[in-house]
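A look at the structure
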Amino acid sequence: MMTAPASTSPLQHDRFMTRSRRLASNLRDLRNAASQLPDAVVLIDQQQHIRWFNHAAENLLGLRRPQDRGVLLLERMAGSELSEWLRDGAHEPLNDAVAPGRADSQLNVSLLPFGDHEQLLLARDISHLNRLEQVRRDFVANVSHELRTPLTVIHGYLELIDPEDVPELASVLGEMRSQSKRMGQIVEDLLTLSRLETQHDVADERVPMAALLATVRKEAEALSQGRHQITLESNTDADLLGSPKDLHSALSNLVSNAVRYTPAGGSITIRWQRTPEGAVYSVSDTGFGIPANHLARLTERFYRISSSRSRDSGGTGLGLSIVKHVLNLHQAQLQIESTPGAGSTFSCHFGPARLLAPGGSDEG
(Lines give C-alpha, C1' and ligand atoms only; values in the text may rest on other atoms or scores of the structure.)
Protein backbone atom coordinates (compact mmCIF):
# COMPACT_ATOMS: atom_id res chain seq x y z
CA MET A 1 0.00 0.00 0.00
CA MET A 2 1.05 3.58 -0.60
CA THR A 3 1.99 5.73 2.41
CA ALA A 4 1.01 9.39 2.71
CA PRO A 5 3.78 12.03 2.86
CA ALA A 6 4.66 13.19 6.38
CA SER A 7 3.59 16.81 5.85
CA THR A 8 0.13 16.90 4.27
CA SER A 9 -3.03 18.83 4.99
CA PRO A 10 -6.19 16.96 6.11
CA LEU A 11 -7.76 17.51 2.69
CA GLN A 12 -4.70 16.16 0.89
CA HIS A 13 -4.61 13.21 3.27
CA ASP A 14 -8.27 12.40 2.56
CA ARG A 15 -7.66 12.56 -1.18
CA PHE A 16 -4.61 10.34 -0.85
CA MET A 17 -6.48 7.76 1.22
CA THR A 18 -9.41 7.77 -1.24
CA ARG A 19 -7.02 7.15 -4.14
CA SER A 20 -5.23 4.40 -2.18
CA ARG A 21 -8.52 2.64 -1.42
CA ARG A 22 -9.55 2.92 -5.09
CA LEU A 23 -6.25 1.43 -6.25
CA ALA A 24 -6.51 -1.36 -3.67
CA SER A 25 -10.07 -2.12 -4.80
CA ASN A 26 -9.00 -2.22 -8.46
CA LEU A 27 -6.12 -4.52 -7.57
CA ARG A 28 -8.47 -6.90 -5.70
CA ASP A 29 -10.87 -6.91 -8.64
CA LEU A 30 -8.03 -7.65 -11.05
CA ARG A 31 -6.69 -10.46 -8.85
CA ASN A 32 -10.15 -11.95 -8.38
CA ALA A 33 -10.78 -11.85 -12.13
CA ALA A 34 -7.42 -13.53 -12.85
CA SER A 35 -8.18 -16.16 -10.21
CA GLN A 36 -11.35 -17.17 -12.05
CA LEU A 37 -9.71 -17.56 -15.47
CA PRO A 38 -9.89 -21.10 -16.89
CA ASP A 39 -6.26 -20.76 -18.05
CA ALA A 40 -3.41 -21.16 -15.59
CA VAL A 41 -1.62 -17.87 -14.83
CA VAL A 42 1.66 -17.77 -12.90
CA LEU A 43 3.55 -14.55 -12.12
CA ILE A 44 7.30 -15.10 -11.71
CA ASP A 45 10.14 -12.71 -10.95
CA GLN A 46 13.41 -12.19 -12.81
CA GLN A 47 14.94 -15.29 -11.17
CA GLN A 48 11.80 -17.33 -12.01
CA HIS A 49 10.59 -17.54 -8.42
CA ILE A 50 6.80 -17.90 -8.13
CA ARG A 51 5.17 -14.68 -6.90
CA TRP A 52 1.48 -15.43 -7.52
CA PHE A 53 -0.75 -17.93 -9.32
CA ASN A 54 -4.47 -18.45 -9.87
CA HIS A 55 -6.75 -21.42 -9.08
CA ALA A 56 -6.37 -22.93 -12.55
CA ALA A 57 -2.60 -23.15 -11.95
CA GLU A 58 -3.31 -25.33 -8.92
CA ASN A 59 -5.45 -27.65 -11.03
CA LEU A 60 -3.35 -27.80 -14.21
CA LEU A 61 0.20 -27.26 -12.93
CA GLY A 62 -0.13 -28.82 -9.49
CA LEU A 63 0.91 -25.67 -7.61
CA ARG A 64 -0.15 -25.29 -3.98
CA ARG A 65 -0.54 -22.17 -1.89
CA PRO A 66 1.01 -20.88 0.24
CA GLN A 67 3.94 -23.33 0.21
CA ASP A 68 4.80 -22.78 -3.50
CA ARG A 69 5.04 -19.00 -3.26
CA GLY A 70 8.67 -17.96 -3.54
CA VAL A 71 9.70 -21.38 -4.87
CA LEU A 72 11.77 -21.61 -8.05
CA LEU A 73 9.34 -22.58 -10.85
CA LEU A 74 11.96 -24.73 -12.59
CA GLU A 75 12.38 -26.86 -9.47
CA ARG A 76 8.62 -27.08 -8.89
CA MET A 77 8.12 -28.36 -12.45
CA ALA A 78 10.97 -30.91 -12.17
CA GLY A 79 10.23 -34.16 -13.98
CA SER A 80 7.74 -32.59 -16.40
CA GLU A 81 8.05 -31.36 -19.99
CA LEU A 82 7.78 -27.81 -18.69
CA SER A 83 11.03 -28.19 -16.75
CA GLU A 84 13.11 -28.91 -19.86
CA TRP A 85 11.25 -26.18 -21.78
CA LEU A 86 12.01 -23.59 -19.06
CA ARG A 87 15.63 -24.73 -18.86
CA ASP A 88 16.01 -24.19 -22.62
CA GLY A 89 14.79 -20.61 -22.31
CA ALA A 90 11.09 -21.00 -23.22
CA HIS A 91 11.58 -18.88 -26.35
CA GLU A 92 8.75 -20.55 -28.27
CA PRO A 93 5.33 -21.73 -26.98
CA LEU A 94 5.20 -25.35 -25.84
CA ASN A 95 2.42 -27.35 -27.50
CA ASP A 96 0.72 -30.55 -26.35
CA ALA A 97 2.60 -30.83 -23.07
CA VAL A 98 1.26 -33.19 -20.41
CA ALA A 99 -0.23 -31.17 -17.54
CA PRO A 100 1.87 -31.66 -14.36
CA GLY A 101 -1.26 -31.44 -12.22
CA ARG A 102 -3.46 -33.66 -14.46
CA ALA A 103 -1.80 -36.47 -16.37
CA ASP A 104 -4.88 -36.89 -18.61
CA SER A 105 -4.71 -33.31 -19.92
CA GLN A 106 -2.57 -31.58 -22.54
CA LEU A 107 -1.46 -27.97 -22.34
CA ASN A 108 -0.33 -25.16 -24.59
CA VAL A 109 2.15 -23.11 -22.55
CA SER A 110 3.76 -19.74 -23.24
CA LEU A 111 5.98 -17.34 -21.28
CA LEU A 112 5.36 -13.60 -21.72
CA PRO A 113 7.25 -10.52 -20.42
CA PHE A 114 5.37 -8.61 -17.73
CA GLY A 115 6.15 -5.41 -15.86
CA ASP A 116 9.74 -4.69 -14.85
CA HIS A 117 11.81 -7.86 -15.44
CA GLU A 118 8.93 -10.15 -14.53
CA GLN A 119 7.15 -12.80 -16.60
CA LEU A 120 3.75 -14.41 -16.91
CA LEU A 121 3.44 -18.13 -17.58
CA LEU A 122 0.13 -18.94 -19.31
CA ALA A 123 -1.10 -22.53 -19.70
CA ARG A 124 -4.28 -23.50 -21.55
CA ASP A 125 -5.97 -26.89 -21.36
CA ILE A 126 -6.40 -28.13 -24.96
CA SER A 127 -7.52 -31.67 -24.14
CA HIS A 128 -11.03 -31.11 -25.48
CA LEU A 129 -9.64 -29.71 -28.73
CA ASN A 130 -7.36 -32.71 -29.11
CA ARG A 131 -10.30 -35.05 -28.54
CA LEU A 132 -12.36 -33.24 -31.19
CA GLU A 133 -9.42 -33.39 -33.60
CA GLN A 134 -9.10 -37.13 -32.97
CA VAL A 135 -12.83 -37.60 -33.65
CA ARG A 136 -12.41 -35.69 -36.92
CA ARG A 137 -9.42 -37.80 -37.97
CA ASP A 138 -11.23 -41.03 -37.14
CA PHE A 139 -14.29 -39.91 -39.07
CA VAL A 140 -12.30 -39.00 -42.17
CA ALA A 141 -10.33 -42.25 -42.04
CA ASN A 142 -13.43 -44.41 -41.55
CA VAL A 143 -15.45 -42.68 -44.27
CA SER A 144 -12.52 -42.92 -46.68
CA HIS A 145 -12.16 -46.65 -46.02
CA GLU A 146 -15.89 -47.18 -46.54
CA LEU A 147 -15.90 -45.23 -49.80
CA ARG A 148 -12.93 -47.05 -51.28
CA THR A 149 -14.76 -50.32 -52.05
CA PRO A 150 -17.92 -48.93 -53.74
CA LEU A 151 -15.82 -46.50 -55.79
CA THR A 152 -13.61 -49.36 -56.94
CA VAL A 153 -16.70 -51.34 -58.00
CA ILE A 154 -18.23 -48.37 -59.86
CA HIS A 155 -14.98 -47.61 -61.67
CA GLY A 156 -14.54 -51.28 -62.56
CA TYR A 157 -17.98 -51.55 -64.16
CA LEU A 158 -17.44 -48.30 -66.07
CA GLU A 159 -14.24 -49.73 -67.52
CA LEU A 160 -16.17 -52.77 -68.75
CA ILE A 161 -18.52 -50.66 -70.84
CA ASP A 162 -17.08 -49.97 -74.30
CA PRO A 163 -18.11 -46.50 -75.55
CA GLU A 164 -18.17 -47.91 -79.10
CA ASP A 165 -21.09 -50.15 -78.12
CA VAL A 166 -23.16 -47.12 -77.05
CA PRO A 167 -21.76 -44.18 -79.07
CA GLU A 168 -24.57 -41.89 -77.96
CA LEU A 169 -23.28 -42.22 -74.37
CA ALA A 170 -19.57 -42.03 -75.19
CA SER A 171 -19.08 -38.53 -73.76
CA VAL A 172 -21.13 -39.39 -70.65
CA LEU A 173 -19.10 -42.55 -70.01
CA GLY A 174 -15.85 -40.63 -70.44
CA GLU A 175 -16.92 -38.03 -67.89
CA MET A 176 -18.12 -40.72 -65.45
CA ARG A 177 -14.79 -42.55 -65.71
CA SER A 178 -12.87 -39.33 -65.16
CA GLN A 179 -14.91 -38.34 -62.11
CA SER A 180 -14.83 -41.81 -60.53
CA LYS A 181 -11.05 -41.86 -60.96
CA ARG A 182 -10.82 -38.42 -59.36
CA MET A 183 -13.01 -39.48 -56.43
CA GLY A 184 -10.80 -42.52 -55.97
CA GLN A 185 -7.73 -40.27 -55.84
CA ILE A 186 -9.41 -38.03 -53.25
CA VAL A 187 -10.10 -41.08 -51.08
CA GLU A 188 -6.48 -42.26 -51.39
CA ASP A 189 -5.20 -38.78 -50.49
CA LEU A 190 -7.52 -38.60 -47.47
CA LEU A 191 -6.24 -41.95 -46.26
CA THR A 192 -2.66 -40.77 -46.74
CA LEU A 193 -3.39 -37.60 -44.75
CA SER A 194 -5.04 -39.59 -41.96
CA ARG A 195 -1.95 -41.78 -41.69
CA LEU A 196 0.44 -38.83 -41.70
CA GLU A 197 -1.54 -36.95 -39.05
CA THR A 198 -1.26 -39.86 -36.61
CA GLN A 199 2.49 -40.33 -37.18
CA HIS A 200 5.03 -38.67 -34.91
CA ASP A 201 8.17 -39.91 -36.64
CA VAL A 202 9.30 -41.94 -39.65
CA ALA A 203 11.36 -45.08 -40.08
CA ASP A 204 14.55 -43.55 -41.44
CA GLU A 205 16.14 -45.04 -44.55
CA ARG A 206 18.60 -43.77 -47.11
CA VAL A 207 16.72 -42.04 -49.92
CA PRO A 208 18.92 -41.91 -53.06
CA MET A 209 18.15 -38.47 -54.41
CA ALA A 210 19.60 -39.00 -57.90
CA ALA A 211 17.18 -41.84 -58.55
CA LEU A 212 14.26 -40.01 -56.90
CA LEU A 213 14.87 -36.84 -58.92
CA ALA A 214 15.02 -38.85 -62.15
CA THR A 215 11.72 -40.56 -61.26
CA VAL A 216 10.03 -37.27 -60.41
CA ARG A 217 11.18 -35.78 -63.72
CA LYS A 218 9.84 -38.77 -65.70
CA GLU A 219 6.48 -38.47 -63.94
CA ALA A 220 6.35 -34.77 -64.76
CA GLU A 221 7.12 -35.43 -68.43
CA ALA A 222 4.44 -38.11 -68.59
CA LEU A 223 1.86 -35.77 -67.04
CA SER A 224 2.94 -32.87 -69.27
CA GLN A 225 2.84 -34.92 -72.50
CA GLY A 226 5.26 -32.54 -74.17
CA ARG A 227 3.34 -29.36 -73.33
CA HIS A 228 6.11 -27.95 -71.08
CA GLN A 229 9.86 -27.67 -70.97
CA ILE A 230 11.00 -29.59 -67.88
CA THR A 231 14.54 -29.09 -66.56
CA LEU A 232 16.40 -30.81 -63.72
CA GLU A 233 19.28 -28.97 -62.01
CA SER A 234 21.44 -30.34 -59.19
CA ASN A 235 24.65 -29.08 -57.58
CA THR A 236 24.95 -31.84 -54.95
CA ASP A 237 24.84 -35.62 -54.87
CA ALA A 238 23.73 -35.67 -51.21
CA ASP A 239 21.05 -38.18 -50.27
CA LEU A 240 18.30 -37.78 -47.69
CA LEU A 241 17.52 -39.70 -44.50
CA GLY A 242 13.81 -40.42 -44.19
CA SER A 243 10.84 -42.29 -45.64
CA PRO A 244 11.31 -43.00 -49.38
CA LYS A 245 7.58 -43.44 -49.97
CA ASP A 246 6.53 -40.24 -48.19
CA LEU A 247 9.31 -38.11 -49.64
CA HIS A 248 8.48 -39.34 -53.15
CA SER A 249 4.83 -38.42 -52.53
CA ALA A 250 5.72 -34.91 -51.34
CA LEU A 251 8.30 -34.08 -54.01
CA SER A 252 6.21 -35.44 -56.87
CA ASN A 253 3.14 -33.54 -55.60
CA LEU A 254 4.99 -30.26 -56.05
CA VAL A 255 6.02 -31.16 -59.59
CA SER A 256 2.55 -32.38 -60.62
CA ASN A 257 1.05 -29.14 -59.27
CA ALA A 258 3.50 -27.13 -61.37
CA VAL A 259 2.52 -29.11 -64.49
CA ARG A 260 -1.20 -28.69 -63.82
CA TYR A 261 -1.09 -24.96 -63.20
CA THR A 262 1.39 -23.95 -65.91
CA PRO A 263 -0.07 -23.19 -69.36
CA ALA A 264 1.21 -25.10 -72.37
CA GLY A 265 4.53 -23.74 -73.59
CA GLY A 266 5.69 -22.83 -70.07
CA SER A 267 8.75 -24.14 -68.29
CA ILE A 268 9.25 -26.06 -65.04
CA THR A 269 12.59 -26.34 -63.24
CA ILE A 270 13.33 -28.96 -60.57
CA ARG A 271 16.35 -28.14 -58.38
CA TRP A 272 18.30 -30.01 -55.69
CA GLN A 273 20.88 -27.69 -54.14
CA ARG A 274 23.23 -27.69 -51.18
CA THR A 275 23.05 -24.60 -48.93
CA PRO A 276 24.90 -23.45 -45.77
CA GLU A 277 21.81 -24.49 -43.74
CA GLY A 278 21.42 -27.93 -45.35
CA ALA A 279 19.83 -28.61 -48.72
CA VAL A 280 16.83 -27.35 -50.70
CA TYR A 281 14.54 -29.15 -53.13
CA SER A 282 12.60 -26.63 -55.19
CA VAL A 283 10.15 -26.57 -58.09
CA SER A 284 9.82 -23.36 -60.12
CA ASP A 285 7.26 -22.75 -62.84
CA THR A 286 6.10 -20.00 -65.18
CA GLY A 287 2.44 -20.60 -64.41
CA PHE A 288 -0.43 -18.42 -63.30
CA GLY A 289 1.14 -17.39 -60.01
CA ILE A 290 -0.59 -17.01 -56.66
CA PRO A 291 -1.82 -13.75 -55.04
CA ALA A 292 -0.07 -12.98 -51.76
CA ASN A 293 -3.28 -13.17 -49.69
CA HIS A 294 -3.65 -16.88 -50.55
CA LEU A 295 -0.11 -18.05 -49.70
CA ALA A 296 -0.66 -18.59 -45.97
CA ARG A 297 -3.63 -20.94 -46.56
CA LEU A 298 -2.32 -23.02 -49.46
CA THR A 299 -1.48 -26.02 -47.26
CA GLU A 300 -5.01 -26.25 -45.83
CA ARG A 301 -6.92 -29.26 -47.08
CA PHE A 302 -9.32 -28.52 -49.95
CA TYR A 303 -8.28 -24.86 -50.04
CA ARG A 304 -8.58 -23.61 -53.62
CA ILE A 305 -7.62 -20.31 -55.18
CA SER A 306 -9.84 -21.02 -58.19
CA SER A 307 -12.30 -23.90 -57.85
CA SER A 308 -12.93 -24.25 -61.56
CA ARG A 309 -9.23 -24.24 -62.48
CA SER A 310 -8.39 -26.81 -59.78
CA ARG A 311 -11.13 -29.19 -60.87
CA ASP A 312 -10.27 -28.82 -64.54
CA SER A 313 -6.65 -29.71 -63.77
CA GLY A 314 -7.65 -32.87 -61.91
CA GLY A 315 -6.28 -31.78 -58.52
CA THR A 316 -7.77 -33.11 -55.27
CA GLY A 317 -7.03 -30.05 -53.12
CA LEU A 318 -5.01 -32.21 -50.70
CA GLY A 319 -1.56 -32.31 -52.31
CA LEU A 320 0.04 -29.39 -50.46
CA SER A 321 -1.45 -30.53 -47.16
CA ILE A 322 0.27 -33.89 -47.69
CA VAL A 323 3.52 -32.10 -48.55
CA LYS A 324 3.35 -30.07 -45.32
CA HIS A 325 2.79 -33.14 -43.14
CA VAL A 326 5.58 -35.12 -44.82
CA LEU A 327 8.02 -32.25 -44.36
CA ASN A 328 7.02 -31.83 -40.70
CA LEU A 329 7.83 -35.50 -40.09
CA HIS A 330 11.27 -34.86 -41.61
CA GLN A 331 11.85 -31.62 -39.64
CA ALA A 332 11.82 -29.71 -42.93
CA GLN A 333 10.12 -26.47 -43.93
CA LEU A 334 8.03 -25.50 -46.97
CA GLN A 335 8.60 -22.03 -48.41
CA ILE A 336 6.37 -20.57 -51.13
CA GLU A 337 7.25 -17.61 -53.33
CA SER A 338 4.92 -16.47 -56.09
CA THR A 339 4.15 -13.54 -58.35
CA PRO A 340 0.74 -13.44 -60.11
CA GLY A 341 1.25 -13.89 -63.82
CA ALA A 342 4.95 -14.74 -63.46
CA GLY A 343 4.99 -18.14 -61.77
CA SER A 344 5.78 -19.73 -58.41
CA THR A 345 8.60 -21.49 -56.55
CA PHE A 346 7.91 -24.12 -53.89
CA SER A 347 10.99 -24.95 -51.80
CA CYS A 348 11.57 -27.74 -49.27
CA HIS A 349 14.35 -26.87 -46.82
CA PHE A 350 16.07 -29.87 -45.18
CA GLY A 351 18.45 -29.48 -42.23
CA PRO A 352 21.96 -30.99 -42.14
CA ALA A 353 20.81 -33.81 -39.85
CA ARG A 354 18.77 -35.21 -42.77
CA LEU A 355 21.63 -35.20 -45.29
CA LEU A 356 23.75 -38.22 -46.20
CA ALA A 357 26.83 -38.30 -48.36
CA PRO A 358 26.80 -40.81 -51.23
CA GLY A 359 28.41 -44.09 -50.28
CA GLY A 360 26.86 -44.44 -46.84
CA SER A 361 28.47 -41.77 -44.60
CA ASP A 362 26.69 -38.84 -42.96
CA GLU A 363 27.12 -35.36 -44.35
CA GLY A 364 25.54 -33.50 -41.45
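Everything here concerns the structure above.
As the structure is a prediction and not an experimental result, all values here were calculated from the model.

That bond from Arg-65 to Pro-66 is cis: its omega, 5 degrees, falls within 30 degrees of zero. Mapped onto the elements of the fold, Pro-66 is located in the loop between helix 2 (55-61) and helix 3 (73-76). Although it is not a glycine, Ala-90 sits at a positive phi angle of roughly 50 degrees. Judged by relative accessible area, Ala-90 falls into the buried class, the value being 8%.

Two elements in contact, helix 5 (residues 127-160) and helix 6 (residues 170-198), have axes whose closest approach is 9 Å; the angle formed by their N-to-C orientations is 150 degrees. What the angle tells us is that helix 5 and helix 6 run roughly antiparallel. Judged by the sense of rotation from one axis to the other, the crossing of helix 5 with helix 6 is left-handed. Its residues assigned to classes, the contact of helix 5 with helix 6 comprises eleven nonpolar, seven polar and eight charged.

Further remarks concern the packing of helix 6 against helix 11 (residues 319-329). Helix packing for two helices is described by the angle between their axes and how far apart those axes are. Between helix 6 and helix 11, whose axes approach to 10 Å, the crossing angle comes to 25 degrees. Between helix 6 and helix 11, the interaxial angle falls into the category roughly parallel. Here helix 6 runs over helix 11; the crossing is left-handed. Along its contact with helix 6, which presents Asp-189, Thr-192, Leu-193, Leu-196 and Glu-197, the element helix 11 presents Ser-321, Ile-322, His-325, Val-326 and Leu-329. Classifying every residue of the contact of helix 6 with helix 11 gives five nonpolar, three polar and two charged.

Now for the sheet that holds strand 12 (residues 343-350). Spatial strand order, 7-9-10-12-11: five strands in an open sheet with mixed pairing. On the outer flanks of this sheet lie strand 7 (229-234) and strand 11 (333-339), each paired with one strand and no other. The sheet shows a mean angle of 10 degrees between the axes of neighbouring strands, taken without regard to direction. With six bridges joining them, strand 7 and strand 9 (residues 267-275) adopt parallel strand pairing. Bridge assignment links Ser-234 to a residue of strand 9, and that residue is Trp-272. Running over the sheet, helix 7 (residues 209-224) touches strand 7, strand 9 and strand 10 (278-285) and is turned about 170 degrees from strand 7. Here helix 8 (residues 244-260) sits on the sheet and contacts strand 9, strand 10 and strand 12; the angle it forms with strand 10, its principal contact strand, is near 25 degrees.

Moving on: the environment of His-294. Take His-294: it is sitting in helix 9 (residues 292-295). The class of His-294 is buried, set by a relative accessible area of 16%. Separated by eleven residues in the primary sequence, His-294 and Ile-305 have C-alpha atoms spaced 7.0 Å apart. With residues near it in sequence (within four places) discarded, His-294 still touches Tyr-303 and Ile-305.

Moving on, we come to the side chain of Arg-354. Locating Arg-354 in the fold gives a position in the loop between strand 12 and strand 13 (355-356). On the basis of relative accessibility, which here comes to 9%, the residue Arg-354 falls in the buried class. Within the structure, the side chain of Arg-354 is placed 2.7 Å from the side chain of Asp-204, a separation counted as a polar contact. Filtering out sequence-adjacent residues up to four positions away, Arg-354 remains in contact with Val-202, Asp-204, Asp-239, Leu-240, Leu-241, Gly-242, Leu-329, His-330 and Gln-331.

Here we come to helix 11. Of all eleven residues making up helix 11, nine are buried, and the element is well covered by its neighbours. Restricting attention to buried positions, one finds in helix 11 the residues Gly-319, Leu-320, Ser-321, Ile-322, Val-323, His-325, Val-326, Leu-327 and Leu-329. Contacts made by the buried residues of helix 11 are with helix 6, helix 8, strand 11 and strand 12. Within two residues after helix 11, Gln-331 carries a phi angle of roughly 50 degrees, on the positive side.

Counted by the stated rule, this structure contains one aromatic pair. Between Trp-272 and Phe-350, the aromatic rings sit 6.3 Å apart at their centres with planes inclined by 70 degrees, giving edge-to-face as the arrangement. Taken as a pair, Trp-272 in strand 9 and Phe-350 in strand 12 lie far apart in primary sequence, 78 residues in all. For the residue pair Trp-272 and Phe-350, the accessibility class agrees, reading buried in each case.

What counts and what doesn't
Residues numbered from 1 in each chain as written. Predicted model: local features only at pLDDT ≥ 70, side-chain atom pairs only at ≥ 80, totals over all residues. Heavy atoms only, no water. Helix = DSSP H or I, 4+ residues; strand = E, 2+ residues; numbered from the N terminus. Buried < 20%, exposed > 50% of the residue type's maximum accessible area, 1.4 Å probe, protein only. Axes fitted to C-alpha atoms, helices over the stretch in contact; angles between N-to-C directions. Parallel < 35°, antiparallel > 145°, perpendicular 65-115°, else oblique. Left-handed = near helix turned anticlockwise from the far one by under 90°. Nonpolar A, V, L, I, M, F, W, Y, C, P; charged D, E, K, R; others polar. Contact = heavy atoms within 4.5 Å. Pairing = 2+ DSSP bridges. Polar contact = N/O pair within 3.5 Å; in protein donor to acceptor, adjacent residues only side chain to side chain. Phe/Tyr/Trp six-rings, centres within 6.5 Å; stacked < 30°, edge-to-face > 60°.

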